[in-house]
Structures are given as structure tokens and as C-alpha cells.
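Spelled out from the first residue to the last, the chains are:
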Amino acid sequence: MIVASVPDFREAARRRLPRFLFEYIDGGSYAEATLRRNVDDLSRLALRQRVLRDVSKLDLSTELFGQKLSLPVALAPIGLAGLNARRGECQAVRAAEKAGVPFTLSTVGACPIGEVAGAASKPFWFQLYMIRDRAFMRDLLAQAMEANCSALVFTVDMPVPGSRYRDYHTGLAGSGGLQGALWRVAQAMVRPGWAWDVGLWGRPHTLGNVAPVLNGNTGIEDFFAWMRNNFDPSINWRDLDFIRAEWKGPLIIKGILDPEDAKEAAELGADGIVVSNHGGRQLDGVLSSTRALPPIAEAVGDRLTVLADGGIRSGLDVVRMLALGAKGVLLGRAWAWALAAGGEAGITKLLQLIEAEMRVAMALTGTTKIAEIDKTILAGD
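Residues numbered from 1 in each chain as written. Predicted model: local features only at pLDDT ≥ 70, side-chain atom pairs only at ≥ 80, totals over all residues. Heavy atoms only, no water.

Novice: Pulling in residues and values, what's your account of the packing of aromatic side chains?
Specialist: All chains considered together, the criterion is met by five aromatic pairs. Plain terms: the ring middles of Y30 and Y165 are 5.8 Å apart, the flat faces sit at 80 degrees to each other, and that makes the pair edge-to-face. Separated by 135 residues along the polypeptide, Y30 in the loop between α2 (19-26) and α3 (33-43) and Y165 in helix α7 (residues 165-169) bring together distant segments of the chain. Lying across the ring of F242, R134 places its NZ or CZ 5.8 Å from the centre. Sitting above the plane of the Y24 ring, R281 keeps its charged end 4.8 Å from the centroid. (Phe/Tyr/Trp six-rings, centres within 6.5 Å; stacked < 30°, edge-to-face > 60°. Helix = DSSP H or I, 4+ residues; strand = E, 2+ residues; numbered from the N terminus. Lys NZ or Arg CZ within 6 Å of the ring centre and 35° of its normal.)

Novice: Describe a nonpolar patch on the surface, naming the residues involved and giving the relevant values.
Specialist: A contiguous nonpolar surface patch, about 330 Å² in accessible area, is contributed by Y30, Y165 and Y168. A relative accessible area of 36% places Y30 in the partly exposed class. (Patch = residues over 30% accessible without salt bridge, like charges linked within 9 Å, V, L, I, M, F, W, Y side chains within 5 Å. Areas by Shrake-Rupley, 256 points an atom, 1.4 Å probe, with all protein chains shown as cover. Salt bridge = Lys/Arg side-chain N within 4 Å of Asp/Glu carboxyl O. Buried < 20%, exposed > 50% of the residue type's maximum accessible area, 1.4 Å probe, protein only.)

Novice: Tell me about the sheet that holds strand β5 (residues 125-129), residues and numbers included.
Specialist: Ordered by their spatial adjacency, eight strands build an open sheet running β3-β10-β9-β8-β7-β6-β5-β4, and the pairing between neighbours is parallel. A single partner strand is all that each edge strand has here, and the edge strands are β3 (73-75) and β4 (104-105). Taken together, the four bridges between strand β7 (residues 251-256) and strand β8 (residues 272-275) define a ladder with parallel strand orientation. Considered in β8, the bridge of I256 is made with V275. Across the face of the sheet, helix α13 (residues 289-300) comes into contact with β7, β8 and β9 (305-308) while running at roughly 155 degrees to β8. (Pairing = 2+ DSSP bridges. Contact = heavy atoms within 4.5 Å. Axes fitted to C-alpha atoms, helices over the stretch in contact; angles between N-to-C directions.)

Novice: So what about the pattern of salt bridges? Which residues, and what values?
Specialist: Opposite charge on two side chains allows them to pair when their charged atoms are near. The full count for this structure, using the stated rule, is 22 salt bridges. The residue K98 makes a salt bridge to E344 at a minimum N-O spacing of 3.0 Å. Taken together, the residues span a long stretch of sequence, with K98 in helix α4 (residues 88-99) and E344 in helix α15 (residues 333-365) at a distance of 246 residues. Overall, the relative accessible area of 19% leaves E344 in the buried class. Beyond isolated ion pairs, a larger network of salt bridges with shared partners links R10, R19, E23, D26, E32 and R166.

Novice: Please provide a residue-by-residue account of the nonpolar core, values included.
Specialist: Core analysis: the largest hydrophobic core is formed by 116 residues, its most contacted members being F103, F124, I273 and W335. Looking at this core, the element that brings in the most residues is α15, giving 16 residues. Aside from chain neighbours lying at most four places away, what touches F124 is V93, F103, L105, I113, V116, A117, A147, C149, S150 and A151. Counting twelve residues, the second largest nonpolar core, distinct from the first, contains L69, V153, I252 and L330. (Core = buried A, V, L, I, M, F, W, Y, C linked by side-chain atoms within 4.5 Å.)

Novice: Before we move on, can you summarise the pairing of strand β6 (residues 151-155) with the specific residues and values?
Specialist: Most of β6 is tucked away: five of the five residues are buried. Side chains A151, V153 and T155 of β6 all project onto a buried face; the interleaved residues L152 and F154 project onto the opposite face, where all are buried too. Between the parallel pair β5 and β6, the chain is carried across by helix α6 (residues 134-146), and the sense of this crossover is right-handed. Pairing of β6 with β7, which is carried by four bridges, proceeds in the parallel orientation. (Right-handed = clockwise from strand over helix to strand, strands pointing away.)

Novice: Account for unusual backbone geometry, with residues named and values stated.
Specialist: For residues that are not glycine, phi is negative in most cases, and the peptide bond is trans in most cases. Positioned with a positive phi, D54 is a non-glycine residue whose angle comes to about 55 degrees. Along the polypeptide, D54 turns up in the loop between α3 and β1 (62-64). According to the relative accessible area criterion, D54 is exposed, its value standing at 58%. Look at N148: it is not a glycine, yet its phi comes out positive at around 65 degrees. Mapped onto the elements of the fold, N148 is located in the loop between α6 and β6.

Novice: So what's going on with α13? Residues and values would help.
Specialist: Taking 1.5 Å per residue as the helical rise, α13 with its twelve residues ought to reach 16 Å, and the 16 Å between its terminal C-alpha atoms agrees with that figure. The elements touched by buried residues of α13 are α3, β7, α12 (259-267), β8, β9 and α14 (315-323). (Expected span 1.5 Å × (residues − 1).)

Novice: Describe the environment of R184, with residues and values.
Specialist: Position of R184 among the secondary structure elements: in helix α8 (residues 177-189). R184 sits in the buried class, given a relative accessible area of 8%. Taking the C-alpha atoms as reference points, R184 and L64, 120 residues apart in sequence, are found 41 Å from one another.

Novice: Let's hear about the environment of A74: which residues, and what values?
Specialist: Within the element layout of this structure, A74 appears in strand β3. Exposure remark for A74: the relative accessible area of 1% places this residue in the buried category. Between the alpha carbons of A74 and W183 there is a distance of 35 Å; along the sequence they are 109 residues apart. Beyond its immediate stretch of four places on either side in the chain, A74 contacts P102, W125, V329, L330 and L331.

Here it is in C-alpha cells:
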């Protein structure tokens, strides 16, 4: 099929991936109301078209956390993303480097820090959850520093995992055991391209950074059981002291939806935040990132760097988020779909598409630099 948009990447991913992996990427929690709001609220924002503005020279570059970027975009952390293509996170980091944007490796990615560092020639970002086993966290942070990761994205909106009904329907969650494994094998068998590229040649399937604490148990059921048992519901703001003691680089707090929490992050010395509802995968029924972003940017935008994710399906959406007050955005599902559809080349094409769409949006709103994009480019109701 011809891929000309992010929805096209989604459809290509649906055709290639076993159902349990596609639904894991694509789905949200409970009734998926927040998942839909993320897309709908953002797409409803009308841009203010201007003319005769001399937009012959456009500059899409920006700087985040001391790093010069070609676009105000980063690839967000996605769990198990590396199963979407052979050694997928390694392909993703190479594509991000070529495009001049950061890649963020998830704690629960398929490829470990060391392998991704070996595939990279420049620093990438690392994402961390608060885990009960603090020694495990210290070890991960030490590995991230040894790999020269340039920023830490600390995700705080998952003290307990949300319930994602699609994962029960596909055998990725729930009963598990032999029945679940056989159901997933059956789904993989009808996707022979994926089964060959990832299922066979993509080994080892050791669940990356988590493998050392699984004691040789590398099944998907083992991974989800570890998550349920080791995410720490006692996490609180004082835990940032532990993170700061172990990590000296830029610290970005991901999962902020309330201005009061944003102010707390600023008070405690975070360098940045990500306005995010975890892609609609945690508490269903909360605000979309689009609705949550403006008051947060207003409250703390002069004290730390505000980023955002959720519902971004085009370069126009990137511009919309910047207009609402974000200094940069994180692409989530979009790059996972592109990886599944075409590996490294797929992500390269996605980022080229995002850039081209941003250029059109900037030119037709009369803006020539990222710093010029603000709420004045949004049209009224």
C-alpha cells in the first residue's frame, strides 16, 4: 500500500503485526474515552491562515535541554516497541539520529540500553519508572549514564497499570499460560512476514532491561507479572530526591495533567515536564493533553521546559501543540506504527512527513521560526 500519512502507517502496521501486538500499541484503557479525546480535541483546533507574509525561509530547528534539534520532536518511550520490527529500538534510534531528533528508550523496551547504545552514534534519552527494587533502578541509571544518555524521562503516571481490555481479548493479558501462548502463536502464524523477521530472526526475546531480574523467565506473561508486582504505588514527590542523587543530567517528569503537579515539579527542580495522559492508557476519562496543556504552560512555562504528547497524528498537530504552549512534542504511536510498517526506513519517512506537514502549516499561518508559533496562530471558535 502507498503510505502518505500517519493513518496509512497505522493501517500498514495493522496488516503486518500479529493482532496482540497491534492492539497493544493501538489501544487504551477501559472504554478508551481519553484515547479518543486526545485525537479529537487536537484535530478540532482551527489554525488561523495568513497570507502575503514572505515565508520563503522556514527554520524548524530548536533547542531542548542543551541539544540542537532539527525539529521540535522526540520519539516517545514505548514499551515492547522493539517487537514491532527486528531489534526495533536499534532501528528507531538510527532513524531519529538521521533526522536530528531524540529517541527515548523505554525501561520496558525489547532491546537493552547497551544494545541501543551500540547502534547509536549520538546520545539518546532514557525513560524510567519508579520500581520497588531501588538497586535495579540504580543499575539502570548507571547503565544510562555509561551509555551517555543525554536526558532522563521519569514517568510518574503509572504507580499501578491501567486495565486495557484489548489486551485481554488478544491473549496478551489475563489467563496467560499455555492457552494464552497458543493464542498468540496462532495470531503470529497469519503474519508470516513478522513471524520470520521478528519472531525468528529477531531473537533474543529477553525483554531488554528487565531480563536480568526475570531469572530466565522471558515469556510475555513473566514480563507483565513483573510489571504488576514491581511498579511502586507508594511513589511520591520525595522520591525525586532518590532520582536526583543517582542522575545528574536533565530530568524530565512525564505524566503531568494538573497545573498544581506542574508547579510541584518546578519547585523540586525538574528541568522539564511532559503533559501526558499516557496516550489514554492509564486513567480513562481524564482530560486530553490538548485541554490540559494551556493552563500548565501558563503556570510553569517560564520555569521549566514544557513538552506534550497524546493524539499527534500529523505535522499540523505538532504545530497545534506548540501553539498551545509546548516547546516540543513526543511522538508515540506514530513511530511505533511506522516501525512496524517499514523499520528504520519507515520512521525516517514518518519524520520526513511530519517535517513537510509542519512546513505547510507554518507557511500558511505566516510563521517562519518555531519561536513564532504561539496561540495567535489559532483561530477562534
